[in-house]
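Chain and residue survey
Single-letter residue listing:
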Amino acid sequence: MLQTYFINDHIIRINEANENGLNVDSYLILGKQSAVVIDTLQDTTQLYEKIQSLTNLPLTVLLTHGHPDHAGKATQKFIDNDVPVYMHPNDKDLLSSFTDAPWQKQIHALEDGMLFDLGGYALKTICCAGHTPGSVVFFNEKHSELFTGDAIGSGGFWMQLDHCLPLHTYLENVEHLYDVVKSIPHLKLYFGHSEQAKQVPELQYMEDNITATKMILDKKLVGEWVDMHIGHDTLHVRQACFQQVYAYCYDPNNL
């Protein structure tokens, strides 16, 4: 089921909820000359049709990372309609582990610093690997807007998966991201799972994420052991809480 939320005159959030309680977001960003779709949701195959009902501008799809709830089934329809799709190549193998769909071979490579000019609105690509090896965010400085996918979590943060980078490597990357955006007044964060967020997502959330990461690395923050069920697998992971990051999941053997 898709729900549409008009954030402002150039951002439309499209949310997909399923029976398992997963809420994931796609964002339609409207410029004067073209538009961008950030992430393609998970199970729905109707996102292309939804986007077509909202705009007739030329489209580009940008994937924040290769997980199937962000690079979902709807990607096929965009490819079939000659819409270019971009993802960082470091997530190519990850995406292939979730799908054998032929469209993945037609994805264009995202690079750090790549700019997408929509006409009066531009998005800059910033790499922030950690949650996945190819996680990226998209930044518009003029409007103080940052589209984060899962790169810094959405209140809950997953760093416990086998393909997550070590926490000390992630810390370097998220601190680089913070250096880019820290001087932006009233920065607005648009999460990949905004329904999970318990506070208004602003710069303080990223600061809490960085502090939590440092404290875990310094053994000053130690989460409780929890069993997490993902598909047919059960993971035994640590889950810590710090301020707005209410569920920081990590593997103590991957620090």
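Our subject in this report is the structure included herewith. (Residues numbered from 1 in each chain as written. Predicted model: local features only at pLDDT ≥ 70, side-chain atom pairs only at ≥ 80, totals over all residues. Heavy atoms only, no water.)

Digging into the overall build of the protein chain
A count of helical and extended segments in the protein chain gives five helices and 16 strands. Along the first, second and third principal axes, the C-alpha atoms of the protein chain reach 50 × 45 × 30 Å. Expressed as a percentage of its 255 residues, the buried residues of the protein chain come to 53%. Here the contacts in the protein chain between residues at least 6 apart in sequence split such that 60% fall between residues at least 24 apart. (Helix = DSSP H or I, 4+ residues; strand = E, 2+ residues; numbered from the N terminus. Buried < 20%, exposed > 50% of the residue type's maximum accessible area, 1.4 Å probe, protein only. Contact = heavy atoms within 4.5 Å.)

As for helix α5 (residues 203–217)
A rise of 1.5 Å per residue sets the reference length of α5, with its 15 residues, at 21 Å; its end C-alpha atoms lie 22 Å apart and thus fit the reference within 8%. Taken as a whole, α5 has its buried residues at Leu203, Tyr205, Met206, Asp208, Asn209, Ile210, Ala212, Thr213 and Ile216. Those residues of α5 that are buried are in contact with β11 (145–149), β12 (156–159), α4 (167–181), β13 (188–191), β15 (233–242) and β16 (245–250). Positioned one or two residues after α5, Lys219 has a phi angle of 65°, which is positive. (Expected span 1.5 Å × (residues − 1).)

A look at the sheet that holds strand β10 (residues 136–140)
A sheet is described by the order of its strands in space; here five strands give the open sequence β8-β9-β10-β11-β13, paired in mixed fashion. Each edge of the open sheet is held by one strand with a lone partner, namely β8 (115–117) and β13. The average undirected angle you get between the axes of adjacent strands in this sheet is 20°. In this sheet, β10 lies alongside strand β9 (residues 122–127) in antiparallel orientation, the contact comprising four bridges. Across the sheet, Cys127 pairs through a bridge with Val136, a residue of β10. (Pairing = 2+ DSSP bridges. Axes fitted to C-alpha atoms, helices over the stretch in contact; angles between N-to-C directions.)

Quick word on the environment of Gly31
Inspection of the secondary structure puts Gly31 in the loop between β3 (23–30) and β4 (35–38). Under the relative-accessibility criterion, Gly31 is labelled buried at 16%. Gly31 sits 90 residues away from Tyr121 along the chain, and the two C-alpha atoms are 5.5 Å apart. Residues in contact with Gly31, not counting those within four places in the same chain, are Leu57, Leu118 and Gly119.

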